Amino acid sequence: MTTPAPSPETPVKSRPSKIGLTLARILALLVVVALTVFIYSVRDQAKELAVYGYPGIFLIALMTNATVLLPAPGIAVVFAMGAIFNPLGIALAAGAGGALGELSGYLAGFSGQAVVEKTRIYERLHAWIQRRGFWAVLLLAAMPNPFFDVAGVAAGMLKMPLRTFLLAVWIGVTLKMFLFAWVGSTSLVWLLE
C-alpha cells in the first residue's frame with residue numbers, strides 16, 4: 001500500500017537541515033560554556049550592581065541564573081534588596097532576569113550535549129517534565145533548589161517550546177523572588193523594632 005502524495009492545498013512542514021541543526025546546537029553549547037565561565041569569573045562584582053536599583057537587580061538575576069551547575073548568590077541579593085526596594089518590583093525585575101538567565105540550561109539541553117544526561121536526577125526530572133511540561137517547569141522554578149539547571153537541560157532536550165519554557169520559568173522565578181524579597185523586607189522591620 002502506498003501513501004498518497006500531499007495535495008497542493010496541504011502545507012508541507014519543512015524541517016531544518018541536519019547540518020543547520022547541528023550548527024545551532026554547537027553554537028548554543030559554546031554560548032552556554034562561554035557565558036558560564038564569564039559569569040563565574042565576575043560573581044563577586046555582581047553584588048555591586050544592586051546600587052543601580054531594579055535594572056541592577058535584573059542584571060544580577062540574569063547573571064546568577066545564567067550559570068549552569070555553578071552556584072551564584074542571586075537569592076541572597078534579592079533578600080537583602082527587599083529591605084530597600086519594593087518586593088513586588090524586585091520580584092518582577094529578578095523574575096525577568098532569572099527567566100532569561102535560565103535559557104543557558106535550556107540551550108545546553110537543546111544543543112544535545114547535556115553533561116548531566118546520564119544522572120539519576122536528570123532521568124527523574126526528564127520524565128516529570130515530559131509528563132507535566134509547563135507545570136513541572138513552573139513548580140521547579142518556584143522552588144529554591146539546586147536542580148533547576150538540570151530541569152532546564154531536560155526541557156531543552158525535550159524540545160519544549162521556548163515560549164512555554166520562558167513563561168513557566170518567569171512565573172516560577174517571579175513567585176520565588178517575591179517571597180525572598182518580602183521576607184527580606186519584613187526582616188528589616190522586625191530587626192528595627
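Let me begin by describing the structure that accompanies this report. (Residues numbered from 1 in each chain as written. Predicted model: local features only at pLDDT ≥ 70, side-chain atom pairs only at ≥ 80, totals over all residues. Heavy atoms only, no water.)

Details of the nonpolar core
Counted only if it meets this: Joining through side-chain atoms within 4.5 Å is the link that ties buried Ala, Val, Leu, Ile, Met, Phe, Trp, Tyr and Cys residues into a set, and such a set is a nonpolar core. A simple rule labels every residue: compare its accessible area, found with a 1.4 Å probe on the protein chains alone, to the largest value its type can have, and call it buried under 20%, exposed over 50%, or partly exposed in between. Helix and strand labels come from DSSP, where a helix needs a run of H or I of at least four residues and a strand needs a run of E of at least two; each type is numbered from the N terminus.
Residues I129, V137, F148, M160, F165 and V169 are the most contacted members of the largest nonpolar core, which totals 36 residues. Among the secondary structure elements, those contributing two or more residues to this core are α2 (53-66), α3 (74-81), α4 (87-101), α5 (103-110), α6 (120-132), α7 (134-142), α8 (148-157) and α9 (162-192).

Some remarks on α4
What counts is decided by this rule: Here, expected helix span is obtained from the residue count minus one, scaled by 1.5 Å. Residues adjacent in sequence count toward polar contacts only when both atoms are side-chain atoms; beyond that, a polar contact is any pair of N or O atoms within 3.5 Å, and within protein one must be able to donate a hydrogen and the other to accept it.
When the terminal C-alpha atoms of α4 are compared, their 20 Å separation across 15 residues agrees well with the 21 Å that a helix rising 1.5 Å per residue should span. Where burial is concerned, most of α4 is hidden: 11 out of the 15 residues are buried. P87, G89, I90, A91, A93, A94, G95, G97, G98, A99 and G101 are the residues of α4 that are buried. Of the residues flanking the start of α4, the one acting as N-cap is N86, its side-chain oxygen 2.7 Å from the backbone nitrogen of L88.

Focus on the packing of α6 against α8
To keep things clear, this is the line we draw: Working convention: axes come from line fits to C-alpha atoms, limited for helices to the stretch in contact. Angles between N-to-C directions cover 0 to 180 degrees. Roughly parallel here means an angle under 35 degrees, roughly antiparallel means over 145, roughly perpendicular means 65 to 115, and every remaining angle is called oblique. Rotating anticlockwise by less than a right angle from the far helix to the near helix defines a left-handed crossing, while the corresponding clockwise rotation defines a right-handed one. Throughout, a contact is declared for two residues whenever any of their heavy atoms are within 4.5 Å. Any residue outside Ala, Val, Leu, Ile, Met, Phe, Trp, Tyr, Cys, Pro, Asp, Glu, Lys and Arg is labelled polar, Gly included; the first ten of those are nonpolar and the last four are charged.
Direction vectors running N to C along α6 and α8 enclose 55 degrees, while the axes themselves pass 9 Å from each other. In terms of axis orientation, α6 runs oblique to α8. For the pair α6 and α8, the sense of crossing is right-handed. Here I121, Y122, L125, H126 and I129 of α6 come into contact with α8, specifically with V150, A151, V153, A154, A155 and M157. Of the residues in the contact of α6 with α8, the class split is 10 nonpolar, one polar and no charged.

Things to note about the packing of α5 against α8
Packing of α5 against α8 leaves a shortest axis separation of 6 Å and a crossing angle of 45 degrees. The orientation of α5 with respect to α8, classified from their angle, is oblique. Two packed elements cross with a definite hand, and for α5 against α8 that hand is right-handed. For the pair α5 and α8, contact is made by G105, Y106, A108, G109 and F110 and by D149, G152, V153, A155, G156 and M157, respectively.

Quick notes on the packing of aromatic side chains
The line we're drawing: Ring pairs are drawn from Phe, Tyr and Trp, using the six-membered ring of Trp, whenever the two centres fall within 6.5 Å, and their geometry is named by plane angle: stacked under 30 degrees, edge-to-face over 60, tilted for the rest.
Evaluated as defined, the whole model comprises four aromatic pairs. Taking 5.2 Å as the distance between ring centres and 50 degrees as the angle between the ring planes, the aromatic pair formed by Y54 and F85 counts as tilted. Residue Y54 is found in helix α2, and its partner F85 is found in the loop between α3 and α4; the two are separated by 31 residues along the sequence. Since its relative accessible area comes to 23%, F85 is described here as partly exposed. Plain terms: the ring middles of F134 and W135 are 5.0 Å apart, the flat faces sit at 85 degrees to each other, and that makes the pair edge-to-face. Members of the aromatic cluster, each reached through a chain of ring pairs, are Y106, F148 and F165.

Comments concerning a nonpolar patch on the surface
Spelled out, the test is: Think of a patch as exposed residues, more than 30% relative accessible area, with no salt bridge, where like charges cluster within 9 Å and nonpolar side chains (Val, Leu, Ile, Met, Phe, Trp, Tyr) cluster within 5 Å. Accessible surface area values rest on a Shrake-Rupley calculation with a 1.4 Å probe, where residue burial reflects the displayed protein chains alone. Salt bridge, as used here: a side-chain nitrogen of Lys or Arg that lies within 4 Å of a carboxyl oxygen of Asp or Glu.
Together, L88, L92, L167, W170, F178, L179 and W182 give the surface a local cluster of nonpolar side chains, amounting to about 670 Å² of exposed area. Counting residues per element, the ones that place at least two in the nonpolar patch are α4 and α9. In terms of residue count, the dominant contributor to the nonpolar patch is α9 (five residues).

Regarding the environment of M157
Positionally, M157 belongs in helix α8. In sequence terms M157 and H126 are 31 residues apart; their C-alpha atoms lie 8.5 Å from each other.

Considering the side chain of E102
Heads up, the condition is: Residues scored as positive are Lys and Arg, those scored as negative are Asp and Glu, and His as well as the terminal groups of each chain are ignored.
Position of E102 relative to the elements: it lies in the loop between α4 and α5. Put simply, E102 is tucked away with no salt bridge, and the nearest opposite charge, on K176, sits 6.1 Å away. Setting aside residues up to four positions removed in sequence, E102 forms contacts with N65, F148, D149, F165 and V169.

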